[in-house]
Amino acid sequence: MNYVPPNQNRIKTFIGCLLAASFFWLMNVLNRDNYSIKLNYPLEIEYDNASYVPMQPLPRRISVNVSGDGWRLLQKSWLNFNANPVVYKVVNPNVRNVINSTALTDQVAELFPGLHVNYVVSDTFELSFEPKIRKIIPIRVDSAGIEVREGYVISSIINVSPSLISVDGPVSLIKTYPDTIRISVPTPKIQNNYDENLPIPLPVSPLVDVSHRDVFVSFEVAQFLNVPL
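Quick caveat: nothing in here was measured; it's all calculated off a predicted structure.

Enquirer: I'm lost on the pattern of salt bridges in this one. Help?
Expert: Side-chain pairs of opposite charge can arise whenever the charged atoms involved come near each other. Applying the stated rule across the entire model yields three salt bridges. The residue D168 makes a salt bridge to R134 at a minimum N-O spacing of 2.7 Å. Residue D168 is found in strand β9 (residues 164-170), and its partner R134 is found in strand β6 (residues 129-141); the two are separated by 34 residues along the sequence. Judged by relative accessible area, D168 falls into the buried class, the value being 14%. Residue R134 is classed as exposed on the basis of its relative accessible area, which comes to 58%. One salt bridge in this structure joins K135 and D179, with 3.0 Å as the shortest N-O distance. Separated by 44 residues along the polypeptide, K135 in strand β6 and D179 in the loop between α4 (171-174) and β10 (181-183) bring together distant segments of the chain.

Enquirer: Would you mind going over the packing of aromatic side chains with me for this structure?
Expert: What describes a pair of aromatic rings is the distance from one ring centre to the other and the angle between the planes of the rings. In total, this model carries two aromatic pairs according to the counting rule given. Between Y47 and F129 the ring centres are 5.0 Å apart and the planes differ by 50 degrees, which places this aromatic pair in the tilted class. In this pair, Y47 is assigned in the loop between β1 (35-46) and β2 (52-54) and F129 in strand β6, connecting sequence segments 82 residues apart. Y47 gets classed as partly exposed once you look at its relative accessible area, which sits at 22%. Take F129: its relative accessible area is 9%, and that puts it in the buried class. Look at Y194 and F219: their rings are 5.0 Å apart centre to centre, the planes differ by 15 degrees, and that puts the pair in the stacked class. In this pair, Y194 sits in strand β11 (residues 194-199) while F219 sits in strand β13 (residues 214-219), placing the two residues 25 residues apart along the sequence. Relative accessible area serves as the criterion here: at 5%, Y194 is assigned to the buried category.

Enquirer: Looking at this model, I keep getting lost on unusual backbone geometry. Mind explaining?
Expert: Excluding glycine, most residues fall at negative phi; most peptide bonds, likewise, are trans. Going from S161 to P162, the amide bond is cis rather than trans, its omega being 0 degrees. Tracing the backbone shows P162 in the loop between β8 (159-161) and β9. Of note in the backbone geometry, K189 takes a positive phi value of approximately 50 degrees without being a glycine. Relative to the helices and strands, K189 resides in the loop between β10 and β11.

Enquirer: Could you clarify how one ought to interpret the pairing of β6 in this entry?
Expert: Of the pairings in the sheet, the one linking β2 to β6 comprises three bridges and is antiparallel in character. Of the residues in β6, the one forming a bridge with P54 is F129. Examined bridge by bridge, β6 and β10 share three bridges and lie parallel to one another. Bridge assignment links I139 to a residue of β10, and that residue is I181.

Enquirer: Whenever I open this one, helix α3 (residues 101-110) confuses me. Can you help?
Expert: Residues three or four positions apart in an α-helix share a direction because the helix packs 3.6 residues into each turn. Three or more residues of α3 are buried, namely L104, T105 and V108. What you see down the axis of α3 is that its buried residues fit within an arc of 100 degrees, all on one side. Every exposed residue of α3 that faces more than 90 degrees away from the buried side is listed here: T102 and E110.

The rules behind these values
- Residues numbered from 1 in each chain as written.
- Predicted model: local features only at pLDDT ≥ 70, side-chain atom pairs only at ≥ 80, totals over all residues.
- Heavy atoms only, no water.
- Salt bridge = Lys/Arg side-chain N within 4 Å of Asp/Glu carboxyl O.
- Helix = DSSP H or I, 4+ residues; strand = E, 2+ residues; numbered from the N terminus.
- Buried < 20%, exposed > 50% of the residue type's maximum accessible area, 1.4 Å probe, protein only.
- Phe/Tyr/Trp six-rings, centres within 6.5 Å; stacked < 30°, edge-to-face > 60°.
- Pairing = 2+ DSSP bridges.
- Arc of directions from axis to C-beta.

Here it is, written out as structure tokens:
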């Protein structure tokens, strides 16, 4: 039999009593009512994304202050990590630009049965949308700027694929895009048949979807022959 010093027995007894007291204290606290807690809850903004574009990042979470008994608050805080988001519908993006906090609070209250929702705070209550439009832009190659080696000439048509691209985005941005895009061939002193993918010179914006970011350009090159008279 292993000998256990008396001091260690007293320490073990003290720890056991402390754990038991903490457990009973926690049970007593959880059985009480009128506790308040702030939960970070997911939010989903629903709108007609085929016709409108949000001009600033949409809020993704809200802070919900709820009160009730300790057990239900503890359950909500544990299950919050995989909770279904609160869906807030924007009916008319052209008109509505502020989240209705009262309507949002009512929606949140339906997700917290048995608890009282005191208030809801979103990251931002301001929403800004613009109508989404599509623009078709033709692609042309700057043939006058192609540099071939002396004694050579372009001997075929210049192929461009695709010859048209589409850009989708908010009206204010799409209006700044050109009506025609001209592609420059950067290779100097070309003497062989040419086929390369070239980037399309367009600005990059997270609000604009571009169908293609590069084009395939090809043409044939031939050498002049000196034919005696």
